[in-house]
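Okay, here's what each chain looks like letter by letter:
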Amino acid sequence: MATPDDGVYMMVGLVILAELVAIAAAFAMPESLQGWVLILLALATAALILAIFLSPSSLGLAKLIRPGLVVVLAAPALWMALQSMPMPIGKLGNPIWATASATLNERLADRITVDTMATMFSLVQYCAVLAAALITAVVALDRYRAALLLHILLSIATIVTAMWFGREITGAAGPDGSTVAVLGVLLSCATAIRAVDQLLRRSRPGAIALAPLPALSAAIIAMIVCMAALLIRASSTAVVAVLLGSEILLSVFAVRRWFPGLWGSAGVLATATIVFIATATVLPFRTNTDLTIVLSTSSQAATERVLQDVAPAGSGAGASTLLLPIYQDAGAGDSPERPTAAATIAIDMGWAFLCALAIASLLCASFLVRRALSRAYDYVFPALGAGALIAAAILAFSDHGVLSLGASLLLAALLGLAFGQSVSGAGRDAVSSEPKASSDQTADQTPAPRRTLTSASVAIWPRVSLMVLGIVLIVQAAWMALPERYFGARSSLPSVLSTAAVWPDATSKPVSLAAAREDLWVRGASNFTRDSALAANEQRTAPPMSSDEFARALRSSPLRGDIWLLLAATSKHSSPQSSTAAMLRMSYYTAPNDLDLLPLRVSIALAADATVREPDLRELIKRDVNLVVRHRPALKPALVTAYRSASADGKVYLEGLLSELDPTFLDQVYARSSGRRSR
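Residues numbered from 1 in each chain as written. Predicted model: local features only at pLDDT ≥ 70, side-chain atom pairs only at ≥ 80, totals over all residues. Heavy atoms only, no water.

**Focus: the overall build of the chain**
Here is step 1: Helices and strands together make up the secondary structure of the chain, namely 30 helices and 0 strands.
Here is step 2: The 679 residues of the chain split such that 56% are buried.
Here is step 3: Across the chain, every contact between residues at least 6 apart in sequence was considered, and the portion connecting residues at least 24 apart equals 76%.
Here is step 4: With the model as given, the accessible surface of the chain reaches about 28,600 Å², and the carbon-plus-sulfur share is 65%. (Helix = DSSP H or I, 4+ residues; strand = E, 2+ residues; numbered from the N terminus. Buried < 20%, exposed > 50% of the residue type's maximum accessible area, 1.4 Å probe, protein only. Contact = heavy atoms within 4.5 Å. Areas by Shrake-Rupley, 256 points an atom, 1.4 Å probe, with all protein chains shown as cover.)

**Describing the environment of G650**
Here is step 1: Among the structural elements, G650 can be located in helix α29 (residues 648–661).
Here is step 2: Note: C-alpha distance between G650 and R613 (37 residues apart in sequence) is 8.9 Å.

**A closer look at helix α28 (residues 636–645)**
Structurally, the α-helix is built with 3.6 residues per turn, so residues lying three or four positions apart point the same way.
Here is step 1: Of all 10 residues that make up α28, 7 are buried, and the element is covered over most of its length.
Here is step 2: Inspection of α28 places K636, A638, L639, V640, T641, A642 and Y643 among the buried residues, and these make up the whole buried set.

**Side note on the nonpolar core**
Here is step 1: One finds L43, L230, L384, L409, L417, L606 and L658 to be the most contacted residues of the largest nonpolar core, which totals 195 residues.
Here is step 2: No other element matches helix α6 (residues 116–139), which puts 18 residues into this core.
Here is step 3: For L230, the contacting residues outside a window of four places in its chain are S178, A181, V182, V185, A238, V239 and V242.
Here is step 4: In terms of nonpolar packing, the next biggest core, distinct from the first, is built from 5 residues, A192, A195, L216 and A219 among them. (Core = buried A, V, L, I, M, F, W, Y, C linked by side-chain atoms within 4.5 Å.)

**Some points on the packing of aromatic side chains**
Here is step 1: Evaluated as defined, the whole model comprises 3 aromatic pairs.
Here is step 2: Their ring planes at 75° and their centres at 6.3 Å tell us that Y643 and Y670 sit as a pair that is edge-to-face. A residue pair is termed long-range when its members are at least 10 positions apart, and Y643 in helix α28 and Y670 in helix α30 (residues 663–678) qualify at 27 residues.
Here is step 3: The ring of F665 carries the charged tip of K636 above its face, separated from the ring centre by 5.0 Å.
Here is step 4: The side chain of K651 reaches across the aromatic face of Y643, ending 5.6 Å from its centre. (Phe/Tyr/Trp six-rings, centres within 6.5 Å; stacked < 30°, edge-to-face > 60°. Lys NZ or Arg CZ within 6 Å of the ring centre and 35° of its normal.)

**Let's talk about the side chain of T344**
Here is step 1: Structurally, T344 is set in helix α14 (residues 341–349).
Here is step 2: Owing to a relative accessible area of 5%, T344 belongs among the buried residues under this scheme.
Here is step 3: Setting aside its immediate chain neighbours within four residues, T344 contacts S320, P339, H400 and L403.

**Observations concerning the pattern of salt bridges**
Here is step 1: Counted under the stated rule, the structure contains 9 salt bridges.
Here is step 2: In this structure, D562 and R560 form a salt bridge, with 2.3 Å as the shortest nitrogen-oxygen distance.
Here is step 3: Judged by relative accessible area, R560 falls into the buried class, the value being 4%.
Here is step 4: Across the pair R601 and D624 runs a salt bridge, and its minimum N-O distance is 3.3 Å. With a gap of 23 residues between them, R601 in helix α25 (residues 598–607) and D624 in helix α27 (residues 615–631) connect regions that are remote in the sequence. The two residues R601 and D624 agree in class, both being buried.
Here is step 5: Taken together, the shared-partner salt bridges connect R585, E614 and D616 into one network. (Salt bridge = Lys/Arg side-chain N within 4 Å of Asp/Glu carboxyl O.)

**Here's the deal with the environment of F27**
Here is step 1: Note that F27 resides in helix α1 (residues 4–28).
Here is step 2: With a relative accessible area of 24%, F27 lands in the partly exposed category.
Here is step 3: Residues F27 and S404, 377 residues apart in the sequence, show an inter-C-alpha distance of 9.5 Å.
Here is step 4: Contacts of F27, omitting those with residues within four sequence positions, involve I156, V160, V180, G406, A407 and L410.

**Points about a nonpolar patch on the surface**
Here is step 1: On the surface, M10, L14, L17, L20, V21 and L38 cluster together into a nonpolar patch covering about 500 Å² of accessible area.
Here is step 2: Among the elements that line the nonpolar patch, the one with the most residues is α1, at 5 residues.
Here is step 3: As for its placement among the helices and strands, L17 is situated in helix α1.
Here is step 4: Residue classification places L17 among the partly exposed residues on the basis of a relative accessible area of 47%. (Patch = residues over 30% accessible without salt bridge, like charges linked within 9 Å, V, L, I, M, F, W, Y side chains within 5 Å.)

**Digging into the confidence of the model for the chain**
Here is step 1: Put simply, the chain has an average pLDDT of 77, and 75% of its residues get 70 or more.
Here is step 2: Confidence drops under a pLDDT of 50 for residues 205–209, and excluding neighbours within four residues, the segment shows 11 contacts in the predicted structure.
Here is step 3: Taken together, the stretch residues 426–454 has pLDDT below 50 and engages in 66 contacts with residues farther than four places along the chain or on a different chain. (pLDDT = per-residue confidence, 0-100.)

**Considering α6**
Here is step 1: For α6, which comprises 24 residues, the first-to-last C-alpha distance of 35 Å matches the rise-based estimate of 34 Å (1.5 Å per residue) to within 8%.
Here is step 2: Counting buried positions along α6 gives 23 out of 24 residues, so the element sits mostly inside the fold.
Here is step 3: The distance from a side-chain oxygen at the start of α6 to the backbone nitrogen of M117 is 3.1 Å, and the residue carrying that oxygen is D115. (Expected span 1.5 Å × (residues − 1). Polar contact = N/O pair within 3.5 Å; in protein donor to acceptor, adjacent residues only side chain to side chain.)

Written as structure tokens, this is what we have:
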């Protein structure tokens, strides 16, 4: 006969399985729409299961999810929503909206963000990360389930690190896995400490949740794999980050095992502080640069330029992906610049938000260290969270990996595990699946709190919070999975580009959020073929999307230089030449260094006499032609095509440019054009 405990076990098992599916999907298909929908639905299911079936009267749960904590965690989401809302005062918004309004000849509301769809996409990721942390924290209120989650997270981190290391050795392309490797080392260190602690305590009576020797063996193997990957393939900053994070774990272990008491703790912590500072001195600090990129080992020239122009309120979550191509040097698209996580946050959310986040991380790390020192056995979990926070803070100033989908979900689950076990008396107040006689359940030095009934409002608050979060995730999953409800037909921007322009190479181009949600927008999940033969005769092409659809996309993404160009191409026969020139000018300003757009842009610019006569456009055309002749000779056939379709003034202007830059190529243009006419 089924017992109530069987239902609890089944509920917890489903929750853990759902979270495991979400994290695995984040690593397996991070740029797939199906993967994103699966992640959101899995986390929503787990949150709703906990909200419906878990008793909200648990004292541990009421301590964990407090109204004040919920408000703090919801603040970033509210700020992202505020960035995408119309501003009542025009000066509060980004100037790009006023420029786009003048070009489209319609009123667009001023907003802080430069791309509302990119900001909403970032909001989706934050909600997923928040859900992973809260779900893990609730499940980890019981120490047996906390140990199970620790082993699951260690397994995921080790497998992902091994796969990343294999790709690095074979030279295959893939996301950077150094952040996951750092978390893997910390997880293996925590597992090993817990296993050693169990071995040292085995002489005491009572049951042990998991056999310590197999766990210790698995932890050693995982540590070897992750450390080998870091030492061979990762930067020195990642190695220092993992050493500093592990130092916190080892310091807490030393205090709890050999130096209890106030003076012993002070001595160990003082020694750890000295070692911490000494280790930090070997970090490769860059001089005369912005603080957010001080530990980066890669080029951050464009990032520095963006940081100099960033507004106090930021440019909108997700905006860095759109702003960096504007500030980078021409031709840098072959190796796009990746800003550090700290720089990304400063650009997207503003300096005040970054400072608040840094202070909150330090306070949380201090809280977790204090909770670890006040516990006799479960200290390993809050100590792990403190070490992960320190390591993640260092990594945030050196690379971008902390903000990737898989790494952010794994870090959120790790922190949820730490905070879940930081609640005083969590193992007693949560529904426990361990024998009640276990000595581990009496190991806390902190006296058990008196079992008093909380007020109705406090008891219902955790259930309401989880249920609201689950509903929000379901709504977001539906918003992502049903793009035609917002954009009409499912025709994607890549199909338009492949039939509307000259694409000399066969590389893929990122597709932004506003243009094609089924291609994961900025993430660029889809690849498309660029057929140069299709654009030889531009009049024969019939783009499947109309100018109204392009204009609708620009109302939410005014920095999309490719859409401005396509709008100019589709409306040049139906709109005044001055309007086409304005759209073309916006394409130049919002995508000045995108060489993939150059063939179609030069063709449109030279096709109308009025466009060629504009002084600023003449300089922009000259810049594009110069880029082709001097830096991208593979695109020279595009200039031949543009010359054939150019107006009289356009041909004269192009001939003058080529005569200065490459007279030999001008002769080839004459020969190819005359040969085509003779045939």
